[in-house]
Amino acid sequence: MRSRYDRRPDEEQPPPPAPHAPWLDEQLFGRRMVFLRGPIEPEMASRAAATLLALDASGADPISVHMSAEQGSLAAVWTLVDAIEALRAPVHATAVGEVSAAALGVFCAAAQRTAFAHARFRLAEPKVTSPGGTADQVVAEAGRYLRDLEDLVLRICAATGQPRSRVEDDLQSGRMLTAEDAVEYGLVSSIVRR
């Protein structure tokens, strides 16, 4: 049986999404919008956090974060969560595709959460890359992962009002939610409609 801490080197990772055209980034910035798509990894998280901080410095109007983010690194997610919590401006998150695993931490950090009608949410434990090094380093990394996972569970509980045991069970089973299911679960307040 494969441990959740194992990842075979032959498993292909999806290629990172192509960057937006510069004119589109300018348009999004002018409308106080940030688009997060693809796995939330350190480089993307740093760039998005810088954009959020720049938007916050330019005014206290709400910032919209549109997400289609699957997986990602918990460390990168906490970079974005910390940036969101440091802002004066409220953040409104909208799921436009699938939001899953670690990315749920960013989604739950928003003051207001909505979803497009065909958005999906996959409650799943974030993947772990097998750390290298000494046995002590591996144990220390596993401990950090478990602490970060606990923070994610508590954040989802606080955002949804669900009991911890249910959130933990749903993360372990990889439960998938439609937009309607997410409203019932407490993950989103409403579905975006015309």
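Parameters and conventions
Residues numbered from 1 in each chain as written. Predicted model: local features only at pLDDT ≥ 70, side-chain atom pairs only at ≥ 80, totals over all residues. Heavy atoms only, no water. Salt bridge = Lys/Arg side-chain N within 4 Å of Asp/Glu carboxyl O. Buried < 20%, exposed > 50% of the residue type's maximum accessible area, 1.4 Å probe, protein only. Pairing = 2+ DSSP bridges. Helix = DSSP H or I, 4+ residues; strand = E, 2+ residues; numbered from the N terminus. Axes fitted to C-alpha atoms, helices over the stretch in contact; angles between N-to-C directions. Contact = heavy atoms within 4.5 Å. pLDDT = per-residue confidence, 0-100.

(A) Summary view of the pattern of salt bridges. A full pass over the atoms with the stated rule returns nine salt bridges. Here R175 and D170 are joined by a salt bridge, their closest N and O atoms 3.5 Å apart. Classification of R175 as partly exposed rests on a relative accessible area of 28%. Where salt bridges share partners, they join E150, R164 and E168 into one cluster.

(B) Region of the structure containing the sheet that holds strand 8 (residues 190-192). Strand order across the open sheet formed by five strands is 1-2-3-5-8, with parallel pairing between neighbours. Of all the strands in the sheet, just strand 1 (33-37) and strand 8 have a single pairing partner and so form its edges. If you compare each strand with its neighbour and ignore which way they point, the axes differ by 30 degrees on average. Where strand 5 (residues 112-116) meets strand 8, three bridges bridge the pair, whose relative direction is parallel. Residue pairing across strands places F116 opposite V192, the latter belonging to strand 8. Docked against the sheet, helix 2 (residues 42-57) engages strand 1 and strand 2 (63-68), running at close to 170 degrees with respect to strand 1.

(C) Broad picture of the environment of E180. Residue position: E180 is located in helix 7 (residues 179-185). The exposure class assigned to E180 is partly exposed, which follows from its relative accessible area of 38%. As for E180 and F116, which are separated by 64 residues in sequence, their C-alpha atoms are 9.9 Å apart. Look past the residues within four positions of E180 in its chain and what remains in contact with it is I191 and R193.

(D) Representation of the pairing of strand 5. Note that strand 3 (residues 91-95) and strand 5 share four bridges and pair parallel. In the sheet register, A93 faces strand 5, and the bridge partner there is R113.

(E) Broad picture of the confidence of the model for the protein chain. Looking at the protein chain, pLDDT values average 88 and 87% of them are 70 or higher. This model gives residues 1-11 a pLDDT under 50, and the stretch forms 16 contacts once residues within four places in sequence are excluded.

(F) Broad picture of unusual backbone geometry. Phi at R32 takes a positive value of approximately 60 degrees, unusual for a residue other than glycine. As for its placement among the helices and strands, R32 is situated in the loop between helix 1 (22-30) and strand 1.

(G) Fine view of the sheet that holds strand 6 (residues 120-122). Read from one edge to the other, the open sheet built from three strands follows the order 4-6-7, with strand pairing classed as mixed. The open sheet has two edge strands with one neighbour each: strand 4 (98-100) and strand 7 (176-178). Strand-to-strand twist in this sheet, taken as the mean axis angle between neighbours without regard to direction, amounts to 20 degrees. For strand 6 and strand 7, the ladder comprises three bridges, and the chain directions are antiparallel. Residue R120 lies in a different strand from strand 7, and its bridge partner there is T178.

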